[in-house]
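Chain residues, written in single-letter form:
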Amino acid sequence: MMNTRRMATLEALLPRPADGGDPAAVDALPLDGKRALVRVDFNVPLQGEVVRDDTRIRGALPTIAWLRERGAKVVLCSHLGRPKGKRAAELSLLPVASRLAELLGEEVTFAHETVGDEVVRLTRELAPRGVMLVENLRFDPREQAGDEVFARELAALGDVYVDDAFGCMHRPDASIAGVPKLLPAAGGLLVEKEVNALGLLLARPDRPYAAILGGAKVSDKIGVIEALARRVDHLFIGGAMAYTVLAALGHPVGASKIEADKLDVAKSVLDSCAAKGVKVHLPIDHVVAASFSERARPEVVDAIEPDRMGLDIGPKTVAAWSEVLSTCKTVVWNGPMGVFEWASFAGGTRAIAELLAASGGFVVIGGGDSAAAVARFGLADRMSHVSTGGGAALEFLELGDLPGIAALRRR
Ligand code: ADP
Ligand code: MG
């Protein structure tokens, strides 16, 4: 049931009453017999009319159950894919409604429109504890335009609003940033879990605090790299990103994937780390290959020859980093250490994941591919938190807030 931590976050997310007093308690959100409009992330992969991966649908089940237990009628809304503001039959949420009905063992009403009088009528006719899903939000161009009239039409589908789509909260869309300004609003269980875990990293991380960064590109993540570099005690850099940094320091990186136009950015991050006393750890050995291929022969080297490319961190690096990481009480990890999709170059990512799983510290994994890597190694359950947020998680770590979270507060 509800622990004190959850109370605290939900209260923090609930609007302050107009008199400026204490935030309303969670129970102040009226639910019994009310229509709860819930923004979920049902952006799932489809194969024709079959849901290929229902992880995100399952992810919403606790919030749906929580609301139904309190007597609410649950009206769900989501986007699916990129229909660019037009109806597209292949991006209908109907298959998602079917899968949800299977998972709930319960009928789910599907509205073939997203908003409008007919949809409003369906929400009103819904039985208490009934569940309904409306059509793809992005069939309407006003969703991504953050249109206020569309937000009002959506708000007509509920008496209260719950946001459980953390991975979308960095978007100023009508369903994310508009609706919560119009209805009593709160974060759902998924959102609350994310905000608790990521909020802890922002507010009061136990030290030493380390960030491990990797993945494909520096340019995708400049903001979050700079923000983390201001906060942590140790910064570990692996993945392709490491080669841009090593190149900036004048080390030979051979044919590794670097961003030649980001050398100055890499240098300035290193400079600001030096100025702040943040210890930066770079790979001291590498798993290299002659080509970017799954079948390329892996070799472990200390220095990268001109005709070789770095595809993973090496065993000496793992050993050296382990010593420091084992002393860290808080770790945030974004970006794989190598091309983990290929067995020959997955060793570094796996070793770091195993180390963190056994560390006993507060460990947060952020980023789509990083989460996929940890799941592939069967270690997701052993981390303190694996964010489902992707870009939203990184933006939250960078800016300390998101449009969707701010909107829950601002009423
Ligand atoms: P996340 O989704 O966790 O934020 P990214 O999308 O930034 O991570 O990066 C993931 C990708 O980086 C993976 O597909 C992986 O293969 C790739 N990658 C990691 N290390 C290297 C490397 N040394 N060379 C090329 N690609 C790499
Ligand atoms: Mg990625």
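Located above this text is the structure these notes cover.
Residues numbered from 1 in each chain as written. Chains lettered and ligands numbered in written order. Predicted model: local features only at pLDDT ≥ 70, side-chain atom pairs only at ≥ 80, totals over all residues. Heavy atoms only, no water.

Chemist: Please set out the environment of Leu249 residue by residue, giving values where relevant.
Modeler: The topology assignment puts Leu249 in the loop between helix 10 (239–248) and helix 11 (263–276). The exposure class assigned to Leu249 is partly exposed, which follows from its relative accessible area of 45%. Put simply, Leu249 and Leu270 are 21 residues apart on the chain and 9.4 Å apart in space, counted from C-alpha to C-alpha. With residues up to four places along the chain from it excluded, the contact list for Leu249 reads Leu270 and Leu282. (Helix = DSSP H or I, 4+ residues; strand = E, 2+ residues; numbered from the N terminus. Buried < 20%, exposed > 50% of the residue type's maximum accessible area, 1.4 Å probe, protein only. Contact = heavy atoms within 4.5 Å.)

Chemist: Before we move on, can you summarise the nonpolar core with the specific residues and values?
Modeler: Phe166 and Leu235 are the most contacted members of the largest nonpolar core, which totals 65 residues. Counting residues per element, this core draws most heavily on helix 10, at seven residues. Looking at which domains feed residues into this core, each of domain 1 (20–190) and domain 2 (197–398) supplies at least three. Leu93, Val131, Val162 and Ala186 belong to the second largest nonpolar core, which has 33 residues in total. (Core = buried A, V, L, I, M, F, W, Y, C linked by side-chain atoms within 4.5 Å. Domains from an automatic or database assignment.)

Chemist: Quick one: what's the story with the sheet that holds strand 17 (residues 385–386), residue by residue and with numbers?
Modeler: The strand order across the open sheet built from six strands is 11-10-9-15-16-17, with neighbouring strands paired in parallel fashion. Both outer strands of the open sheet, strand 11 (279–281) and strand 17, are each paired with one neighbouring strand and no more. Both strand 15 (residues 330–334) and strand 16 (residues 362–366) contribute to a ladder of five bridges, which runs parallel. The residue bridging Asn334 from the neighbouring strand is Gly366, located in strand 16. Each of strand 9 (209–213), strand 10 (234–237), strand 11 and strand 15 is contacted by helix 12 (residues 315–325), which is oriented at about 155° to strand 10, the strand it contacts most. (Pairing = 2+ DSSP bridges. Axes fitted to C-alpha atoms, helices over the stretch in contact; angles between N-to-C directions.)

Chemist: Account for helix 11, with residues named and values stated.
Modeler: Look at helix 11: 20 Å from first C-alpha to last across 14 residues, which is about the 20 Å you get at 1.5 Å a residue. Buried residues of helix 11: Val265, Ala266, Val269, Leu270 and Cys273, and no others. On an axial view of helix 11, the arc spanned by its buried residues comes to 140°, and they lie on one face. Opposite the buried face of helix 11, at more than 90 degrees from it, the exposed residues are Asp264, Asp271, Ala274 and Ala275. (Expected span 1.5 Å × (residues − 1). Arc of directions from axis to C-beta.)

Chemist: Now, about the sheet that holds strand 4 (residues 73–77): what can you tell me, with residues and values included?
Modeler: The sheet built from six strands is open, its strands ordered 5-6-4-1-7-8 with parallel pairing. Taken across any chain shown, the strands that pair with only one partner, and hence form the sheet edges, are strand 5 (108–111) and strand 8 (185–187). Strand after strand, the sheet turns through a mean of 25° between neighbouring axes, direction not considered. Here strand 5 pairs with strand 6 (residues 131–134) via four bridges, running parallel. Directly across from Ala111, in strand 6, lies its bridge partner Val134.

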